[in-house]
Amino acid sequence: MKPISFQYTITIPESAIDQLNHVNNVTYVQWIQDVAEKHWKTKTSEEIRNKVGWVVLDHFIEYKRPSFKGEKLILKTWIENYGNIKSQRCTEIFRESDNKMVVKAKTTWCLIDLKKQKPTRITPEITHPYFE
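This report concerns the structure included in the present document. Within any chain, residue numbers begin from 1 and follow the written order of that chain's sequence. Totals for whole chains, interfaces and linings use every residue, but because this is a predicted model, local features are given only for residues with pLDDT of at least 70 and side-chain atom pairs only at 80 or more, for both listing and counting. As a convention, hydrogens and water are excluded, and side-chain values are obtained from all of the structure's heavy atoms.

### Let's talk about the overall build of the protein chain
Here is step 1 of the chain: A run of H or I in DSSP becomes a helix once it reaches four residues, and a run of E becomes a strand once it reaches two; helices and strands are each numbered from the N terminus. Looking only at helices and strands, the protein chain has three helices and six strands in total.
Here is step 2 of the chain: Of the regular secondary structure in the protein chain, the N- to C-terminal order runs β-α-α-β-β-β-β-β-α.
Here is step 3 of the chain: Values of the radius of gyration come from C-alpha atoms, whereas the globule rule sets the reference at 2.2 Å times the count of residues to the power 0.38. Computed over its C-alpha atoms, the radius of gyration of the protein chain comes to 16 Å, within 12% of the 14 Å expected for a compact globule of 132 residues.
Here is step 4 of the chain: Taken along the three principal axes of its C-alpha coordinates, the protein chain extends 45 × 30 × 25 Å.
Here is step 5 of the chain: Contact criterion: two residues are considered in contact whenever any of their non-hydrogen atoms come within 4.5 Å of each other. Within the protein chain, contacts between residues separated by at least 24 positions form 68% of all contacts whose residues are at least 6 apart in sequence.
Here is step 6 of the chain: A total of about 7900 Å² of accessible surface is found on the protein chain, and carbon and sulfur atoms cover 49% of it.
Here is step 7 of the chain: Within the protein chain, one finds 21 positive and 16 negative side-chain charges whose respective centroids are separated by 3 Å. Here the accessible surface of atoms and residues is derived via Shrake-Rupley with a 1.4 Å probe, and residues count as covered only by protein chains that are part of the display. In this tally, Asp and Glu contribute negative charge and Lys and Arg positive charge; neither His nor the terminal groups of the chain are included. Charge positions come from single atoms, namely NZ of Lys, CZ of Arg, CG of Asp or CD of Glu.

### Overview of the environment of lysine 106
Here is step 1 of the chain: One can find lysine 106 in strand 5 (residues 101–113).
Here is step 2 of the chain: Considering only alpha carbons, one finds lysine 106 and tryptophan 78, 28 residues apart in sequence, at a separation of 9.9 Å.
Here is step 3 of the chain: Excluding residues within four positions of it along the chain, lysine 106 makes contact with Asp58, His59, Phe60, Gln88, Arg89 and Cys90.

### Details of the pattern of salt bridges
Pairs can form between side chains of opposite charge once their charged atoms are near each other.
Here is step 1 of the chain: Basic side-chain nitrogens of Lys or Arg form a salt bridge, by our definition, when they fall within 4 Å of a carboxyl oxygen of Asp or Glu. Evaluation of the coordinates by the stated rule reveals six salt bridges.
Here is step 2 of the chain: In this structure, lysine 69 engages glutamate 14 in a salt bridge whose closest nitrogen and oxygen atoms are separated by 3.2 Å. One end of the pair, lysine 69, is in the loop between strand 2 (52–63) and strand 3 (72–82); the other, glutamate 14, is in the loop between strand 1 (6–11) and helix 1 (25–43), and 55 residues separate them in sequence.
Here is step 3 of the chain: The class of lysine 69 is exposed, set by a relative accessible area of 52%. Each residue is assigned to one of three classes by its accessible area relative to the maximum for its type, calculated with a 1.4 Å probe on protein chains only: buried under 20%, partly exposed between the two thresholds, exposed over 50%.

Written as structure tokens, this is what we have:
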């Protein structure tokens, strides 16, 4: 099965800029989580989202080059693979003006039952919308 990617574009706000005048590394972590959440919300029903959710187990992030206030960035994500309770999601962030990669990341997520606050099985109902 081939993953279906999701993307959107943001303009870097002043609030993302650190003392070195480029986007703070912590901000990229937030954007990686934001794009994953947006992908989740576009592909699942509210009924599913009220039963299960995701927690991050780890992030691996490569910072390729800086980005700056006012630049437009394309955030792209997809599910690379999944198992019984874990899923690995890839995220790439590109500068729109020159299509150069700014950040590349892999995040391991664990599906949890929201009421029990414990890991739960990833079912076809959850994975089907993310793959061709």
